[in-house]
Each structure stands twice: as structure tokens, then as C-alpha cells.
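# A look at the structure
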Amino acid sequence: MGLRRIFKELMAGPPKRPAEPSGQRPSEQGKLAGKVVILRGSGDFDLQVVGESHRQEELKRVAGPYTNDGRRVQELAVMMPDDSNPHDSNAVMVRIGAVRVGYLDRENARLWREEVFATGVSGAGCQAIITGGWDRGRGDIGMYGVRLDVCYPFVVIAMDDA
């Protein structure tokens, strides 16, 4: 499946906010305006998504039902600004496919908006890993969690139209 098709499926969501001014030259900012970029990862998957405890049913649709041994599922995630979030005006949601699975914590959302969204991009993709999802009976249940694989400072390795 091509990047363009993947991004179009992933980007179904809230309307895009106009690009905010950045320190880049206008020609550089224009190259990224309205694009979805893929960010380089380190392979560590050390950026924890928050709020996924409220998204267990959605995560079951992505990763599958709970099993005795749990699951470890790797997927492509997209981070997008969520300007309509009533709890945080700088919120950045994390989606896997068409499913919202959580958010970046406040500090990482601020960094993402300052360093990635300020370039005019409408979203940033990266590898994600979903772990957990076990049910061994007698109350021994492991909820799903999501971690993202991104390097800091953020490094764009690919881009395509949103």
C-alpha cells in the first residue's frame, strides 16, 4: 500500500489548523504545509502515549481481544493536533488507522507543536507498539498500552500529501 493511501486513511479526523509562524524561511515552510511526515525512530519505543486506559475498546479493535499471554503488535501511528480538546488546547492525539488511541503527554505535545506542527505539517507518523492485553482469569488483566518510536530532536525521513 502506498504512502499516499495510508496517509489519507490515517488523516480522517478533525479539520486542520492553519500553520503557525515558525523560524523557517517561507520557502521551507511551504514545502511541508499540509503534509504528513514520517519521523525517524531509534527502535527504543520510549515515548509513552497517555490516556490509553480510556481507549481499551478501541485498542482491542486494533490489536485484538485479550489473550492468556497478551499481545505485542507493531503499527503505524499518526500524531495530529487536537485543537478541540477541552482539557488541553495544545493536545496532540495519537491515531492508529482511523482509531484514536491516546495522546502525547503535555510536555511532548508542546515540543511536537513547536518543532513539527510549526513547520506547517498536518500530522507526523511513526512506528508504534501496542503491548499488554492479557486476561489470565481471577482478575489478572493487563490493559493495553501504546509506545511510540521517535527520536529527539525530531528527524523527518519521508513525507507525502495529507
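A quick note: this is a predicted structure, and the numbers were derived from the prediction, not measured.

### Describing the packing of aromatic side chains
- If you walk through the whole model with that rule in mind, you get 2 aromatic pairs.
- With a centroid separation of 5.4 Å and 65 degrees between ring planes, the pair formed by Tyr-66 and Tyr-144 is classed as edge-to-face. Of this pair, Tyr-66 sits in the loop between helix H3 (56-63) and strand E3 (71-81) while Tyr-144 sits in the loop between strand E8 (141-142) and strand E9 (145-149), placing them 78 residues apart in sequence.
- Each ring, one from Trp-112 and one from Phe-117, has its centre 6.2 Å from the other, and the planes form 15 degrees; the classification is stacked. Considered together, Trp-112 and Phe-117 belong to a single accessibility category, that of buried residues.

### Description of the pairing of strand E1 (residues 35-39)
- The element E1 is largely enclosed, with a buried count of 5 among its 5 residues.
- Side chains Lys-35, Val-37 and Leu-39 of E1 all project onto a buried face; the interleaved residues Val-36 and Ile-38 project onto the opposite face, where all are buried too.
- Where E1 lies against strand E6 (residues 123-132), 3 bridges are found, and the strand directions are parallel. Opposite Val-37, over in E6, you have Ala-124 as the bridge partner.

### Examining the pattern of salt bridges
- Applying the stated criterion to the full structure yields 8 salt bridges.
- The closest approach of N and O atoms between Arg-110 and Glu-107, which form a salt bridge, is 2.4 Å. Here the residue Arg-110 and the residue Glu-107 both occupy positions in helix H4 (residues 106-115), the gap between them amounting to 3 residues, near one helical turn.
- The exposure class assigned to Glu-107 is partly exposed, which follows from its relative accessible area of 43%.
- Several salt bridges share partner residues, and in doing so they unite Glu-107, Arg-110 and Glu-114 into one network.

### Description of H3
- Within H3, the full set of buried residues consists of Gln-56, Glu-58, Leu-59 and Ala-63. Burial along H3 is one-sided: seen end-on, the buried residues are contained in an arc of 155 degrees. Within H3, the exposed residues directed more than 90 degrees away from the buried face are Glu-57 and Arg-61.
- On its buried face, H3 is in contact with E3, strand E5 (99-103), E6 and E9.
- Just downstream of H3 lies Gly-64, where phi reads positive at about 105 degrees.

### A closer look at the confidence of the model for the protein chain
- When pLDDT is averaged across the protein chain, the result is 81; 77% of the residues are at 70 or more.
- E9 holds the highest mean pLDDT among the elements of the protein chain, 97, whereas helix H1 (residues 3-10) holds the lowest, 45.
- Within the model, the stretch residues 1-29 combines pLDDT values under 50 with 47 contacts to residues more than four positions away or in other chains.

### Considering the pairing of E3
- Strand direction decides the pairing type here: E3 and E6, joined by 9 bridges, are antiparallel. If you follow Val-78 over to E6, its bridge partner there is Gly-125.
- Relative to strand E4 (residues 92-96), E3 runs antiparallel, the two sharing 5 bridges. Looking at E4, one finds that Pro-81 is bridged to Val-92.

Quick notes on the rules
Residues numbered from 1 in each chain as written. Predicted model: local features only at pLDDT ≥ 70, side-chain atom pairs only at ≥ 80, totals over all residues. Heavy atoms only, no water. Phe/Tyr/Trp six-rings, centres within 6.5 Å; stacked < 30°, edge-to-face > 60°. Helix = DSSP H or I, 4+ residues; strand = E, 2+ residues; numbered from the N terminus. Buried < 20%, exposed > 50% of the residue type's maximum accessible area, 1.4 Å probe, protein only. Pairing = 2+ DSSP bridges. Salt bridge = Lys/Arg side-chain N within 4 Å of Asp/Glu carboxyl O. Arc of directions from axis to C-beta. Contact = heavy atoms within 4.5 Å. pLDDT = per-residue confidence, 0-100.

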